[in-house]
Amino acid sequence: MGKITIALIGAGQRGVNYMGYALEHPDELQVVAVAEPNQQRSQKFKLQHGLSDEMCFESWEDLLTGPQLADAVLICTQDNMHYEPTMKALEAGYHVLLEKPMSPDPQECIRMGERSEQYGRVFSICHVLRYTDFFGTIKRLLNEGTIGQLMSIVHNENVAYWHQAHSFVRGNWRKTAESSPMILAKSCHDMDIILWLAGADCTNVSSFGSLSHFKKENAPEGAPQRCLDGCPVSDQCLYYAPKVYLTDDIEWPTSAISDDPSLEARTKALQEGPYGRCVYHCDNDVVDHQVVNLEFANEVTAAFTMSAFTNDCSRTLKLMGTKGEIRAAMEKNEIEVIDFETGTTKQISLENPGGHIGHGGGDFGLIRDFVKLVQQGGQGNGLTSAAQSVQSHLMAFAAERSRVDRRVVNMRDFTYDGA
Ligand SMILES: NC(=O)c1ccc[n+]([C@@H]2O[C@H](COP(=O)([O-])OP(=O)(O)OC[C@H]3O[C@@H](n4cnc5c(N)ncnc54)[C@H](O)[C@@H]3O)[C@@H](O)[C@H]2O)c1
């Protein structure tokens, strides 16, 4: 099979970004249809990919009703709109690439995994970190026994204060009920990577964490509901919206506040939309810091920390084995291996280092892998299987259950029904 065809469901930030792969690699991937209710986004995408009017649909329901239009679909709608289009697409004969998290409901995650097996289709989740040179190199070093037998993992997700404010205080992922808890929305990538590096099933999970800072008790005196309504601390506040969104830089995160990047449209967005609100007067409820302890069937243990209170948006790790240590910092592209016997430290250089943009090269690596899998009719092995993704999502659900109930969750007994 040569070039494959794909239809995009949800031409928002993520969908448009992934489909840049088709523009760079037209011999591998062609976008043939889109479903997007926002007319401005739909029109822009249509022009980018040379689509006809008949191939632009207003919703996923319209696209998936009727004859099959492509080999695969990429589903990039919001978290709570993943399940129905995925089930329908698998049933209709499409291979599916789905944005993470699979669903805010654990039962739906399990059912999607089962459905893909039932139909024998490729069903991959956008766990982009597995496709980065950074994590691929760490996995290879472990497989080669470079640090002996792996015993412990310390993994930090440094969210960055400004990213927390944008996405998880003012933005789309601020409320558990409307999207998903932080451990799923932001850190299901980390659960997935830890599961992959540990190399065995997860057995026990415990977690603590809270929303401590971004709430009204911490609002500066006199701070209004919106930054533009005469905030008395605009000079000192890290989160004063005009300082963040009305600069010359119109890339993400500014691109998320308005489809029209003009100063006028962005100012209007701050006057009326969610991103102009004071970060201490929002309706957010997801945590701003959380720890998770994990135990695996091979006795590897992992300690994970997610925190909003960091300068950089980055991931840092330490992996401890019987013969050595790996210390790594993703955004700096640094991996060093310390050998206990020789006492030497070796710096590993990456072939394709990447930064924060495109998740360190992971975004396009993921699409490349998915295209290959579809070309092989689902017969090959991708870096991420639906079964692995279901397990790492269930680890996140178990962590949230542990945090809320203040108890250790045994994965074998955990029923995933919210109980
Ligand atoms: N893999 C990652 O690292 C990563 C990073 C950020 C976000 N995400 C996830 O990606 C998903 C999308 O996030 P985003 O930032 O692109 O959101 P977005 O809001 O920019 O895009 C979602 C799009 O879906 C469209 N839509 C709404 N209803 C629809 C319907 N009925 N049919 C078709 N389209 C419809 C919206 O109009 C919007 O354009 C979310 O689940 C998010 O959690 C993943």
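Asker: Which parts of the structure should I look at to understand helix 8 (residues 161-170)?
Answerer: Given 3.6 residues to a turn, an α-helix orients residues that are three or four positions apart in the same direction. Taking burial as the measure, the 10 residues of helix 8 include eight buried ones, the bulk of the element. The set of residues buried in helix 8 consists of His163, Gln164, Ala165, His166, Ser167, Phe168, Val169 and Arg170. Packed against the buried residues of helix 8 are helix 9 (182-185), helix 11 (241-245) and strand 10 (301-307).

Asker: Would you take a moment to explain the pattern of salt bridges for this structure?
Answerer: Here the idea is simple: oppositely charged side chains can pair when their charged atoms come close. Applying the stated criterion across every chain, the model contains 22 salt bridges. With a shortest N-O distance of 3.2 Å, Glu157 and Lys186 are connected by a salt bridge. One end of the pair, Glu157, is in strand 7 (residues 150-158); the other, Lys186, is in the loop between helix 9 and helix 10 (188-198), and 29 residues separate them in sequence. As far as the burial class goes, Glu157 and Lys186 line up, both buried. Between Arg407 and Asp405 there is a salt bridge, and its shortest N-O distance comes to 3.3 Å. Looking at Arg407, the relative accessible area reads 36%, which means it is partly exposed. When salt bridges with common partners are traced through the structure, they connect Arg174, Lys175, Glu178, Arg277 and Asp283 into a single cluster.

Asker: Even after reading the chapter, I still don't get the site of the ligand, so can you show me in this structure?
Answerer: Taken together, 26 residues sit near the ligand, with Arg14, Glu36, Arg41, Asp79 and His189 positioned nearest. At 2.6 Å from an oxygen atom of the ligand is found a side-chain nitrogen or oxygen belonging to Asp79. At 3.1 Å from an oxygen atom of the ligand is found a side-chain nitrogen or oxygen belonging to His82. Burial of the ligand by the protein chains amounts to 85% of its free accessible area of 850 Å². Here the element with the most residues in the shell around the ligand is helix 1 (residues 13-18); it accounts for three residues. Looking at the shell around the ligand residue by residue, the classes come out as 11 nonpolar, nine polar and six charged. Both of domain 1 (4-128) and domain 2 (130-214 + 285-418) provide at least three residues apiece to the shell around the ligand.

Asker: Looking at this structure, I do not really get the side chain of Thr86. What am I missing?
Answerer: Note on placement: Thr86 falls in helix 5 (residues 83-91). Of the polar contacts made by the side chain of Thr86, one reaches the backbone oxygen of His82; its length is 2.6 Å. Residues in contact with Thr86, not counting those within four places in the same chain, are Ile75, Val96, Leu98, Met112 and Phe123.

Asker: Before we go on, may I ask you to explain unusual backbone geometry in this structure?
Answerer: Trans peptide bonds make up the majority, and among non-glycine residues the majority have a negative phi. Following Lys100, the chain continues into Pro101 via a peptide bond in cis, with omega recorded as -10 degrees. When you line up the elements, Pro101 lands in the loop between strand 5 (95-98) and helix 6 (106-119). Positive phi, normally seen in glycine, also occurs at Asn333, with a value near 55 degrees. Among the secondary structure elements, Asn333 is positioned in the loop between strand 12 (324-329) and strand 13 (334-339). Relative accessible area serves as the criterion here: at 23%, Asn333 is assigned to the partly exposed category.

Asker: What am I meant to see in the sheet that holds strand 4 (residues 72-75) here?
Answerer: Sheets are built from strands that pair by backbone hydrogen bonding, the pairs being arranged parallel or antiparallel. What the six strands build is an open sheet, ordered 3-2-1-4-5-6; its pairing is parallel. Taken across any chain shown, the strands that pair with only one partner, and hence form the sheet edges, are strand 3 (56-57) and strand 6 (123-125). Against the sheet, helix 5 touches strand 4, strand 5 and strand 6, its axis set at about 160 degrees to strand 5. Sitting on the sheet, helix 13 (residues 362-375) touches strand 1 (4-9), strand 2 (29-35), strand 4, strand 5 and strand 6, and the angle it makes with strand 5 is about 165 degrees.

Asker: It is not clear to me how the sheet that holds strand 7 should be interpreted in this structure. Could you clarify?
Answerer: An order of 14-13-12-11-7-10-9-8-15 is seen for the nine strands of this open sheet, with the pairing classed as mixed. Each having just a single partner strand, strand 14 (345-348) and strand 15 (409-410) make up the two edges of the open sheet. Sheet analysis places strand 13 next to strand 14, joined by four bridges and oriented antiparallel. The partner of Glu336 across the bridge, within strand 14, is Gln347. Running over the sheet, helix 10 touches strand 7, strand 8 (202-210), strand 9 (289-296), strand 10 and strand 11 (314-321) and is turned about 165 degrees from strand 7.

Rules used throughout
Residues numbered from 1 in each chain as written. Predicted model: local features only at pLDDT ≥ 70, side-chain atom pairs only at ≥ 80, totals over all residues. Heavy atoms only, no water. Buried < 20%, exposed > 50% of the residue type's maximum accessible area, 1.4 Å probe, protein only. Helix = DSSP H or I, 4+ residues; strand = E, 2+ residues; numbered from the N terminus. Contact = heavy atoms within 4.5 Å. Salt bridge = Lys/Arg side-chain N within 4 Å of Asp/Glu carboxyl O. Near = heavy atom within 4 Å. Polar contact = N/O pair within 3.5 Å; in protein donor to acceptor, adjacent residues only side chain to side chain. Areas by Shrake-Rupley, 256 points an atom, 1.4 Å probe, with all protein chains shown as cover. Nonpolar A, V, L, I, M, F, W, Y, C, P; charged D, E, K, R; others polar. Domains from an automatic or database assignment. Pairing = 2+ DSSP bridges. Axes fitted to C-alpha atoms, helices over the stretch in contact; angles between N-to-C directions.

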